[in-house]
Amino acid sequence: MDRVGNHDQLNGGMVIRQKSTMKYKELTLPLDHDWMPDEVLPMAAHFYLAPKYHPDKGIILGSETGTCLTLPSEYADFRKTARLHEVPMEKLFLRETSVLDIAKQDGQEITETEVKQAIEKTRFSNGNALLLRTGWGDRGIQCEPGSRYILASPHLSVEAAKLLASFMVGRESDLLLTDMAWIGRPDKHLIPEWCSLFPRPGPWPSTEAQIYLHLYTPEKAKDDFAVEFILAKVGIMIVKRLVHCEAVISDRLRIIVSPLHVVRGVSSTCRVIAIEE
Amino acid sequence: MRLIDLTMPIWPSAGYGEILPFTNTPVEFIEYMDYANNGMRQTRLKLNGETGSPLMMPAQHAPFDMTPLQKNPRYNWSLNEIPLEELVLHDTAILDIAAGEGHEINAKQIEVALRKADYRKGDHVLLRTGWGSLQRAYEMGIAYLKNSPSVHYDAAALLADKMEEMDSRMFMTDCALVNPPRVQGYNWFLGESPIRPLPKPWPSAEARERLMDMGGSYSYAHASKEPSSYGALIRKTIGCGKCLVNCDQIKEPRVKMIILPLLIKKGGASSCRFVAVE
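Remember, it's a predicted structure, so these values are computed and weren't measured experimentally. (Residues numbered from 1 in each chain as written. Chains lettered and ligands numbered in written order. Predicted model: local features only at pLDDT ≥ 70, side-chain atom pairs only at ≥ 80, totals over all residues.)

### Topic: the overall build of chain A
Applied cut-off: Segments assigned H or I by DSSP are reported as helices when at least four residues long, segments assigned E as strands when at least two residues long, and all are numbered from the N terminus. As a reference, a globule follows 2.2 Å times the number of residues to the power 0.38, and the radius of gyration itself is taken over C-alpha atoms. Residue burial is a threshold on neighbouring C-beta atoms within 10 Å of the residue's own C-beta, all placed from the backbone, with 20 or more meaning buried, 12 or fewer meaning exposed, and counts in between meaning partly exposed. We call two residues in contact whenever the C-beta atoms placed from their backbones are within 7 Å.
When helices and strands are counted, chain A shows seven helices and 13 strands. At 19 Å, chain A has a C-alpha radius of gyration in line with the 19 Å of a compact globule built from 277 residues. Projecting the C-alpha coordinates of chain A onto the three principal axes gives extents of approximately 60 × 50 × 35 Å. The burial tally for chain A puts 47% of its 277 residues in the buried class. Partitioning the contacts of chain A with sequence separation of at least 6, the portion at a separation of at least 24 is 77%.

See below:
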């Protein structure tokens, strides 16, 4: 959705009390009760809207359903860091953002060299959020049935994540957004073990998912989420599964990341809007 | 630029999920991955369209029932159809009516507040009573809703007409309930024969019995014979938000509002984030 609005502008780099045109871009994967593309692995919770006379009437979703924000405190090693209700508003709302373009296709890994080259081309101001755009959320794959959106998503290599983390820390940036379905690829345990089951069971709370996660140890999580750990260790918050990022064309960009206001939460489905001047 | 979070937080067993038989259901979390066993957390959240600070549309029970709560609404959009310019940095007038515990705002108070407000064509409207505070919500539990100030029908009808005249399209308030609690909770927690102890909401046996008493539907009426204040407002707006907090932190008579519900395809109501920008 691309909307144009006229506003008396704010300060903080924008013009005050002067009419200008801002464009709002919706970057959020819609929550669709008919079909969600991210319900592939056992750690996904089934998104469910129960009808009003059903005992489960209401909205049932996972903390990482659809487009979602993940804080470092999702991981046990960093559980003493900020929770959702403690994140300062300025870190998520109307934050200036720079775009890092690394076009990627099915299943491709982003390498350290590619991150280095992209960084050299990017204009990045200290403190900005960083939008890593691969094009994955612009191909409509998220609307197709099957598991391709999740299992074939581009992802960062460990070395690329280390370079990106170092760059972001050096630029006082702690918010990474991306159109990839995953940041790393959980292919040490999760993908090979779960995807070897035929027919593939449903996500949590299927019986199979409950049994699998019962046996999924912290050591396995560290293997599978090594890339996420690298970023979490330096305090970087992650927003993944953005869509329509190619609609963002301006260098003057602000991002709104609007998660549910969950007390002591560590991740949440969220709404993401880009504002271009 | 100053950002003020006006959003009621979400936590398990919050009072707003325990007070009414149908429209609000309990907030429940299940930690199906946890630090000790898995080295990381994943949570399943059971929410409701009115959890926290909600944004509610005329067809509140969408996508399963697309019929609006009130006949002939000015708008009848679902959550994913709201244009972003209505949700992002939209000019908003503050309508100040200080109201304490149990007060029902009347038409005269609306008239006075409208005269005093810096209210311009196309503005959204935020009715501020001073009731909405985190401390109150955390300490009072369901009494935060039972004792909330509210809007009498005559006042709501007057405000709704004025909002249509001014081409206003969103109504928000820091009242925990828009309808007076005696109307909304009639013969549930207040009224001639309130149920004691207060039953759990749907799908409790008591809520199911109440549904039978109401003829099998709660879509278009509540148990009270009084007209719905909320109904008067939702009929003239794109959507209504309630149960906001921290509105006393707004210093200016006008703000720009960020109003972001979940992007639920064909959704009728959602927990929402409300942020004022000064």
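### A look at the interface of chain A and chain B
Rules: Classes in brief: Ala, Val, Leu, Ile, Met, Phe, Trp, Tyr, Cys and Pro nonpolar; Asp, Glu, Lys and Arg charged; the others, Gly included, polar. Each pair of strands is called paired provided DSSP finds at least two bridges between the two strands.
Taken residue by residue, the interface counts 55 residues in chain A and 46 residues in chain B. The dominant element in the side of chain A that touches chain B, judged by the number of residues it contributes, is strand E4 (residues 58-62) of chain A, at five residues. Looking at the side of chain A that touches chain B, its residues break down into 31 nonpolar, 13 polar and eleven charged. Where E4(A) meets strand E3 (residues 42-47) of chain B, four bridges bridge the pair, whose relative direction is antiparallel. In the sheet register, Leu61(A) faces E3(B), and the bridge partner there is Leu45(B).

### Description of the environment of Gly184(A)
Residue and element names in this part refer to chain A. Here Gly184 is to be found in the loop between strand E10 (175-178) and helix H4 (190-195). Sequence separation between Gly184 and Ala226 is 42 residues, and the spatial gap between their C-alpha atoms is 7.4 Å. In this view, Gly184 contacts His155, Leu156, Ala161, Phe225, Ala226, Val227 and Glu228; residues no more than four positions away in its chain are not counted.

### Re the sheet that holds E3(B)
Put simply, the rule is: Only C-alpha atoms enter the line fits that serve as axes; for helices the fit covers just the stretch in contact. Angles between N-to-C directions range over 0 to 180 degrees.
Within the open sheet, the four strands sit side by side as E3(A)-E4(A)-E3(B)-E2(B). Their pairing is antiparallel. Only two strands of the sheet have a single neighbouring strand rather than two, namely strand E3 (48-50) of chain A together with strand E2 (28-33) of chain B. On average, each strand axis in the sheet is inclined to that of its neighbour by 15 degrees, with strand direction left out of account. The pairing of E3(A) with E4(A) spans three bridges and is antiparallel. What sits directly across from Leu49(A), in E4(A), is Ile59(A).

### Description of the environment of Met212(B)
All names here are of chain B. Relative to the assigned elements, Met212 resides in helix H8 (residues 205-213). By C-beta crowding, Met212 is classed as exposed, having 8 other C-beta atoms within 10 Å. Sequence separation between Met212 and Ala98 is 114 residues; the distance between their C-alpha atoms is 39 Å.

### What about the packing of helix H1 (residues 112-121) of chain A against helix H3 (residues 158-170) of chain A?
In a packed pair of helices, the relevant descriptors are the angle between the two axes and the axis-to-axis distance. Residue and element names in this part refer to chain A. Basically, it comes down to this: Between 65 and 115 degrees an angle is taken as roughly perpendicular, under 35 as roughly parallel, over 145 as roughly antiparallel, and anywhere else as oblique.
Orientation of H1 relative to H3, taken along the N-to-C sense of each, is 30 degrees, at an axis distance of 7 Å. It follows from the interaxial angle that H1 and H3 lie roughly parallel. Contacts between H1 and H3 involve Glu112, Glu114, Val115, Lys116 and Ile119 from the former and Glu159, Ala160, Leu163, Leu164 and Phe167 from the latter. When grouped by side-chain class, the residues that make up the contact of H1 with H3 number six nonpolar, no polar and four charged.

### Quick look at the nonpolar core
Put simply, the test is: Note on terminology: a nonpolar core is any set of buried Ala, Val, Leu, Ile, Met, Phe, Trp, Tyr and Cys residues joined through C-beta atoms within 7 Å.
In this structure, Leu231(A), Val272(A) and Leu233(B) are the most contacted members of the largest nonpolar core, which totals 168 residues. No other element matches helix H6 (residues 153-165) of chain B, which puts eight residues into this core. Every residue in contact with Leu233(B), bar those within four places of it in the chain, is listed here: Ala156(B), Leu159(B), Ala160(B), Phe171(B), Val178(B) and Cys240(B).

### A short note on the confidence of the model for chain A
Inclusion rule: Scored from 0 to 100, pLDDT records how confident the predictor is in each individual residue.
In this model, chain A carries an average pLDDT of 92, and 93% of its residues clear a pLDDT of 70 or more. Residue range residues 1-19 of chain A is modelled with pLDDT below 50. Its contacts to residues more than four positions away, or to other chains, number 33 contacts.

### What to know about the pairing of strand E12 (residues 269-277) of chain B
Residue and element names in this part refer to chain B. Among the nine residues that make up E12, eight are buried, leaving the element largely enclosed by the rest of the structure. When strand E1 (residues 3-5) meets E12, the two strands line up antiparallel, connected through three bridges. Looking across to E12, one finds that Leu3 is bridged to Val277. By the bridge criterion, three bridges tie strand E4 (residues 54-56) to E12 in an arrangement that is antiparallel. The residue bridging Leu55 from the neighbouring strand is Ser270, located in E12. For strand E11 (residues 254-261) and E12, the ladder comprises six bridges, and the chain directions are antiparallel. Of the residues in E12, the one forming a bridge with Met257 is Ala276.

### Here we look at H6(B)
Residue and element names in this part refer to chain B. Stated formally: In a helix, the anticipated span is given by 1.5 Å times the number of residues less one.
Across its 13 residues, H6 extends 18 Å between first and last C-alpha, which sits within 8% of the 18 Å expected from 1.5 Å per residue. All buried positions along H6 are accounted for by Tyr153, Ala155, Ala156, Ala157, Leu158, Leu159, Ala160 and Met163. Check the buried side of H6 and you find it contacts strand E6 (104-105), helix H3 (107-116), strand E7 (124-128), strand E8 (150-151), strand E9 (170-173) and helix H9 (229-234). Note on H6: the residue one or two positions beyond its end, Asp167, has a positive phi of about 55 degrees.

### Here we look at unusual backbone geometry
Residue and element names in this part refer to chain B. Put simply, Arg196 and Pro197 share a cis peptide bond, and its omega is -10 degrees. Looking at where Pro197 falls in the secondary structure, it is placed in the loop between helix H7 (181-184) and H8. A cis geometry characterises the amide bond from Trp202 onward to Pro203, with omega recorded as 10 degrees. For Pro203, the location among the structural elements is in the loop between H7 and H8. Unlike most non-glycine residues, Ser13 shows phi in positive territory, near 65 degrees. Its location among the elements puts Ser13 in the loop between E1 and E2. Its identity as a non-glycine residue notwithstanding, Cys243 has a phi of 65 degrees, on the positive side. Taking the number of C-beta atoms within 10 Å as the measure of exposure, Cys243 has 32 and is therefore buried.

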